[in-house]
Amino acid sequence: MLTVRTAGRADIAAIDALLARAYPRLLKPDYAPSVLVTAIPIIARAQPALVTCDTYFVVEDQGAIIGAGGWTAVIPGENRSETRRGNVRHLVTDDRQVRRGVGRALMEHIFASARGAGMGWMHCTSTITAVPFYQAMGFAIRTKVLVPLAPGIRFPAVAMARLL
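Keep in mind the model is a prediction, meaning the values are calculated, not measured. (Residues numbered from 1 in each chain as written. Predicted model: local features only at pLDDT ≥ 70, side-chain atom pairs only at ≥ 80, totals over all residues. Heavy atoms only, no water.)

Novice: Help me understand the overall build of the chain in this model?
Specialist: Secondary structure summary: the chain contains 5 helices and 7 strands in total. Reading the secondary structure of the chain in the N-to-C direction produces β-α-α-α-β-β-β-α-β-α-β-β. A compact globule built from 164 residues should have a C-alpha radius of gyration of about 15 Å, and the chain, at 15 Å, falls within 12% of that. Overall, the chain is about 40 × 35 × 30 Å in size when its C-alpha atoms are taken along their principal axes. Scored against the burial criterion, the 164 residues of the chain give a buried share of 45%. Considering only residue pairs separated by 6 or more positions, the chain has 64% of its internal contacts joining residues 24 or more positions apart. Total accessible area computed for the chain in this model is approximately 8500 Å², and 55% of it derives from carbon and sulfur atoms. The positive charge centre, built from 19 side chains, and the negative charge centre, built from 11, are 6 Å apart in the chain. (Helix = DSSP H or I, 4+ residues; strand = E, 2+ residues; numbered from the N terminus. Rg over C-alpha atoms; globule rule 2.2 N^0.38 Å. Buried < 20%, exposed > 50% of the residue type's maximum accessible area, 1.4 Å probe, protein only. Contact = heavy atoms within 4.5 Å. Areas by Shrake-Rupley, 256 points an atom, 1.4 Å probe, with all protein chains shown as cover. Lys, Arg positive; Asp, Glu negative; His and termini not counted. Charge placed at Lys NZ, Arg CZ, Asp CG, Glu CD.)

Printed below as a string of structure tokens:
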């Protein structure tokens, strides 16, 4: 049975391991090796401040973390917020658990949390791989973007949004 709970400092290592294992496998079909070799070391790392922000969650199955993700009012990389806008943050599902309801359970929890905090709509910057998942969760494509990860490293992604 899947359980969704708020993440905490004690979960950082497990989330880090999940991201490091799942992202390379999940993203491989949609990104060139030259993109992944520079991006994976940056994006496949747990962000301690995000994990401990009280709006980041983990999905567990029999005590094992098989999914993680959350939301913030602060727009990633901009240190500002917009009225009633929530931002989906650093979502991951164990690559061995896809299409088993892990991502859906996590997103429904994120939506409920954001709605409870007064958010009216959600924004996400999706990997190319995750676009069909987000569309199934009610998001619409806004535009393609290049996310700056480090000097000279930009990651192709898709900006998406949906009403709560």
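Now that the structure has been shown, we can carry on.
Novice: Whenever I open this one, the sheet that holds strand E2 (residues 56-61) confuses me. Can you help?
Specialist: Through backbone hydrogen bonds, the strands of a sheet pair up, either in parallel or in antiparallel fashion. Spatially, the 7 strands line up as an open sheet ordered E1-E2-E3-E4-E5-E7-E6, and their pairing is mixed. The sheet is open, and its two edges are formed by strand E1 (2-6) and strand E6 (140-150), each paired on a single side. Along the sheet, successive strands turn relative to each other by an average axial angle of 30°, direction set aside. Across 9 bridges, the pairing between E6 and strand E7 (residues 153-163) is antiparallel. The partner of Val145 across the bridge, within E7, is Ala157. Helix-sheet contacts for helix H1 (residues 12-27) involve E2, strand E3 (64-72), strand E4 (85-93) and E7, and the interaxial angle to E4 is about 80°. Packed on one face of the sheet, helix H4 (residues 102-116) meets E1, E2, E3, E4, strand E5 (121-126) and E7 and runs near 30° to E3. (Pairing = 2+ DSSP bridges. Axes fitted to C-alpha atoms, helices over the stretch in contact; angles between N-to-C directions.)

Novice: Looking at this model, I keep getting lost on the nonpolar core. Mind explaining?
Specialist: A general feature of soluble globular proteins is that nonpolar side chains tend to end up buried together. In this structure, Ile15, Tyr23 and Leu27 are the most contacted members of the largest nonpolar core, which totals 23 residues. Where this core is concerned, the elements lending two or more residues are H1, helix H2 (33-43), helix H3 (48-51), E2 and E3. If one sorts the elements of this core by residue count, H1 sits on top with 7 residues. Once you skip the residues sitting within four places of it in the chain, Tyr23 turns out to touch Leu18, Ile40, Ile43, Ala44, His90, Leu91 and Val92. Core analysis: the second largest hydrophobic core is formed by 22 residues, Leu91, Ile110, Phe111 and Cys124 among them. (Core = buried A, V, L, I, M, F, W, Y, C linked by side-chain atoms within 4.5 Å.)

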